[in-house]
Amino acid sequence: MSEHQARAKELRERLVRWSKEYYQDDAPSVSDSEFDRALQALRQLEQEHPELATPDSPTQRVGAEPLKGFEPVTHRHPMLSLDNAFSSDDLIDFDRRVRERLDAAAIRYACEPKLDGIAVSIVWRDGDLVLAATRGDGRTGEGITQNVRSIECVPLQLKGADIPAYLEVRGEVYMPRAGFEQFNKRAREEGSKPFVNPRNAAAGSLRQLDSGITRKRPLAFCAYSLGHMESDGGPFASHSEAMQQLSEWGIPISEYGRVVDSIAGCEAYYEELAESRQRLSFDIDGIVFKVDDLALQQQLGAVSRAPRWAIARKFPAQEEMTVVRGVEFQVGRTGAVTPVARLDPVFVGGVTVSNATLHNADEIDRLGLMTGDTVVVRRAGDVIPQVAAVVADRRPDDAEPIAFPEQCPACDSTLVRAPGEAVWRCESGLGCPAQRRASIAHFVSRRAMDIDGLGEKIIDQLLASDLVQTVADLYRLNTEQLADLERFGEKSAENLVAAIAKSRDTSLERFIYALGIREVGETTARQLAAYFGNLDPLIQASVEQLQEVEDVGPVVAGHVVGFFAEPANRRTMDSLIDLGVHWPIPEPDQGGSQLSGQTWVVTGKLEAMSRDGAEEALRALGAKVSGSVSGKTTAVVAGPGAGSKLKKAETLGIEVIDETEFLSRLNSWQA
Ligand code: IVH
């Protein structure tokens, strides 16, 4: 292999790995600019040595120059839309019409989620992605080839056997919820405009003239039909068979697709998905049912804009309009003040919503919201209802501006905004009644100490009656005290005391999470518990030591140290332990997790085993395998040809071993 070839290969491997970290693992190990530099280096190398270019090179995912405009693309066959069914009766009517036309007793239907994104058509010639276009008016769309190429999951080159000479596939480009939430979170923090919903986000991201911008948006693609195919292989018998083949060529299809025997199966499928809809990782607005047999589809044909062989059964909307009657300012556990809109109750995403978060003061400004405004409320998944947009032309004359308070609404102390933060905070800590209440609610919550039956109303009663000041006081409560409270009977008092007693037996990770340290969620709590094994070493840990823990950076480490430095917090923890809160001390690691807590990097060429094999073996022993060397790396396995990672490990003084040493250690670990 020539020097250039090796360099191009190394750059490609690096870029592919970084892309995976960025898009799939949500854990980029390098900055955007480092990524861009590597991409630019590869692009230059490929320009200077065209023989090095490969059709699936990461450079092919991003166009070098922004476009001036989108080229029109005429679709070979019009891109149709779908008729909608809004009820079970509509669906039964559809099935009856299909059966009558075909003179059939029962029809097999392919069922798929109806993704809420943007329809696109993609063409592969001899396996290479050559064209992509939006639906446009159905006949002519816009050429967005470079942007579609930048979507990670879209194959630039098909894989497998019997690749057709020409393949046009239709499907939906969408933005998974997690990516959407994260994108909006970042936009809010940076003071730029968030998207109203994942669909708008997908549309806005796809219609970028600069594909470099599209690349940074977390888009995905899912195929839902075959547009046109020229191939030596015979035509497909059914839609489901065609989808299966697309999947084998590497094109993403819905993992929820299913074929059912009759319309009864469609009903059952609809119910099932309607029930699990909120748990999916992407927005869907209904279910599409398609006659599975392609010959029957042909026979049924289409009317004007929609086929007769398919229908979309719609779900209740996840967005509705309603009126903002006022704004309340809530003080959370960490003192952050969140504006919450009080709404005229509205049924959205399957529940009645009467409050929606407005996030922070900037968000109110950005929305340009006033009391009395009609707004779009959105609720999807487990996400708290949001005010997504203001309907400007419905503003009444008596609409009133919203003033963000300067004082804490609970304790009157002056609110503070840290430089660079969007959030105003009350800094009174547990001296603020709202923060005390919220921290108790957090402490008792299901994933923390899991005290059943201690709702917010009871917490308020306990605080008002002065029975409880800190969470430790909960463990001092007795049945007589509780039975004296309003709405408490003897039985309910006994139950609560029993539930509190039961929570004494907990785990270290629950306890750490329950403390409510800023930015220490469940995952961080688990990692801290695994790393330190008990409370004392955690209390004594320095900012530097804390940063050895996976995912703990300087900010979180600072919060942890700050929390334990607070005498009141230490007193509460001591009391909790004196009052019998305890947890088992974890056993030392045993097989399967022998390397847990360690981070390994494998680089260069290995002889006896593949790099993937080595990485897999490390993971099986509980290690984390990373694509880049950092201060958190435990050790590096380096084979011949190792370059920058080896250098960096040497600079950082990290242990480097060769393959022979690795194999011998592997033997002893696995023994
Ligand atoms: S089939 C001729 N299947 O819904 C039939 N469409 O409202 C073509 N859509 O324009 C559509 N998920 O963009 C089909 N599993 C799915 C779909 C789906 C989303 C979109 C598609 C279409 C629109 C019609």
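Whatever comes next refers back to the structure up there.
Residues numbered from 1 in each chain as written. Predicted model: local features only at pLDDT ≥ 70, side-chain atom pairs only at ≥ 80, totals over all residues. Heavy atoms only, no water.

Thoughts on the overall build of the protein
Stage number 1. When you go through the protein residue by residue, the secondary structure sums to 24 helices and 26 strands.
Stage number 2. Taking the contacts inside the protein whose residues are at least 6 apart along the sequence as the reference set, 67% of them involve residues at least 24 apart.
Stage number 3. Here the protein has roughly 33000 Å² of accessible surface; of this, 48% comes from carbon and sulfur atoms.
Stage number 4. Looking at charge distribution, the protein has the averaged site of its 75 positive side-chain charges lying 3 Å from that of its 101 negative ones. (Helix = DSSP H or I, 4+ residues; strand = E, 2+ residues; numbered from the N terminus. Contact = heavy atoms within 4.5 Å. Areas by Shrake-Rupley, 256 points an atom, 1.4 Å probe, with all protein chains shown as cover. Lys, Arg positive; Asp, Glu negative; His and termini not counted. Charge placed at Lys NZ, Arg CZ, Asp CG, Glu CD.)

Overview of the pairing of strand β14 (residues 319–331)
Stage number 1. Relative to strand β18 (residues 374–378), β14 runs antiparallel, the two sharing 5 bridges. Bridging from a neighbouring strand, E319 pairs with R378 of β18.
Stage number 2. Direction of pairing for β14 relative to strand β15 (residues 337–348): antiparallel, over a ladder of 7 bridges. Within β15, the residue paired with V327 across the bridge is A341.
Stage number 3. Count of turn residues in the β14/β15 antiparallel hairpin: 5 residues, of which G335 carries a positive phi of about 90°. (Pairing = 2+ DSSP bridges.)

A word on the environment of Q244
Stage number 1. Within the fold, Q244 resides in helix α8 (residues 239–248).
Stage number 2. In this structure Q244 comes out as partly exposed when scored by relative accessible area, which is 43%.
Stage number 3. Considered as a pair, Q244 and L595 are 351 residues apart in the sequence and their alpha carbons are 39 Å apart. (Buried < 20%, exposed > 50% of the residue type's maximum accessible area, 1.4 Å probe, protein only.)

As for the sheet that holds strand β5 (residues 128–134)
Stage number 1. Pairing is antiparallel in the open sheet, where 4 strands are placed in the order β5-β4-β7-β8. The open sheet terminates on both sides in strands that have one partner only, identified here as β5 and β8 (220–230). Taken pair by pair, the neighbouring strands of this sheet meet at an average axis angle of 25°, ignoring direction.
Stage number 2. Across 9 bridges, strand β7 (residues 166–174) lies against β8 in antiparallel orientation. Bridging from a neighbouring strand, V169 pairs with L226 of β8.
Stage number 3. Against the sheet, α8 contacts β7 and β8, and its axis sits at roughly 110° relative to β8. (Axes fitted to C-alpha atoms, helices over the stretch in contact; angles between N-to-C directions.)

Focus on the pattern of salt bridges
Stage number 1. As enumerated under the stated definition, the model contains 37 salt bridges in all.
Stage number 2. One salt bridge in this structure joins R12 and E46, with 2.8 Å as the shortest N-O distance. A residue pair is termed long-range when its members are at least 10 positions apart, and R12 in helix α1 (residues 3–23) and E46 in helix α2 (residues 32–48) qualify at 34 residues. Comparing R12 with E46, the two get one shared label, buried.
Stage number 3. Ionic pairing is found between R325 and D344, a salt bridge with its closest N-O pair at 2.8 Å. You can see R325 sitting in strand β14 and its partner D344 sitting in strand β15, a full 19 residues away along the chain.
Stage number 4. Owing to a relative accessible area of 53%, R325 belongs among the exposed residues under this scheme.
Stage number 5. For D344, a relative accessible area of 25% translates into the label partly exposed.
Stage number 6. Look at the salt bridges and you will find they share partners, linking R177, D283, E319 and R378 into a network. (Salt bridge = Lys/Arg side-chain N within 4 Å of Asp/Glu carboxyl O.)

As for the site of the ligand
Stage number 1. Surrounding the ligand, one finds 14 residues, the nearest of these being E112, L115, E172, Y224 and K290.
Stage number 2. Contact between the ligand and L115: a nitrogen atom at 3.1 Å from a main-chain N or O atom of the residue.
Stage number 3. Contact between the ligand and Y224: an oxygen atom at 3.0 Å from a side-chain N or O atom of the residue.
Stage number 4. Considering the ligand on its own, with 520 Å² of exposed area, one finds that the protein chains cover 89% of that surface.
Stage number 5. Per-element tally for the shell around the ligand: the top contributor is strand β3 (residues 109–115), with 4 residues.
Stage number 6. Residues of the shell around the ligand, tallied by class, amount to 9 nonpolar, 1 polar and 4 charged. (Near = heavy atom within 4 Å. Polar contact = N/O pair within 3.5 Å; in protein donor to acceptor, adjacent residues only side chain to side chain. Nonpolar A, V, L, I, M, F, W, Y, C, P; charged D, E, K, R; others polar.)

Comments concerning the layout of surface pockets
Stage number 1. Space inside the second largest pocket adds up to approximately 2000 Å³.
Stage number 2. Only α5 (177–190), β14, β15, β16 (351–357) and α12 (433–444) provide two or more residues apiece to the lining of the second largest pocket.
Stage number 3. Looking at the lining of the second largest pocket element by element, the count peaks at 5 residues for α12.
Stage number 4. Among the residues making up the lining of the second largest pocket, the classes are represented as 17 nonpolar, 12 polar and 12 charged. (1 Å grid on protein atoms, 1.4 Å probe; cavity = no way out; pocket = protein on both sides within 12 Å on 5 of 7 lines; lining within 4 Å. Points joined across faces, edges and corners; volume = space filled by probe spheres on them.)

Side note on the environment of S211
Stage number 1. Structurally, the position occupied by S211 is in helix α7 (residues 211–215).
Stage number 2. Considered as a pair, S211 and E100 are 111 residues apart in the sequence and their alpha carbons are 48 Å apart.

Considerations on the sheet that holds strand β9 (residues 258–260)
Stage number 1. Ordered by their spatial adjacency, 5 strands build an open sheet running β2-β13-β10-β3-β9, and the pairing between neighbours is mixed. One side of each edge strand has no neighbouring strand; the edge strands of this open sheet are β2 (84–85) and β9.
Stage number 2. The pairing of β2 with strand β13 (residues 310–314) spans 2 bridges and is parallel. From the neighbouring strand, N84 faces β13, where its bridge partner is A312.

Thoughts on the packing of helix α20 (residues 554–565) against helix α21 (residues 567–578)
Stage number 1. Relative to each other, α20 and α21 sit at 75°, their axes nearing to 5 Å. Overall, the two elements α20 and α21 adopt an arrangement that is roughly perpendicular. Facing F563, F564 and A565 of α20, the residues of α21 in contact are P567, N569, R570 and M573.
Stage number 2. A per-class count over the contact of α20 with α21 returns 5 nonpolar, 1 polar and 1 charged. (Parallel < 35°, antiparallel > 145°, perpendicular 65-115°, else oblique.)

A look at the packing of α12 against helix α13 (residues 456–464)
Stage number 1. At a minimum axis separation of 10 Å, α12 and α13 run at an interaxial angle of 130°. Taken together, the axis directions place α12 and α13 in an arrangement best described as oblique. Crossing of α12 against α13: the hand is right-handed. Residue-level contacts link R436, R437, I440, A441 and V444 of α12 to E456, I459, D460 and L463 of α13. (Left-handed = near helix turned anticlockwise from the far one by under 90°.)

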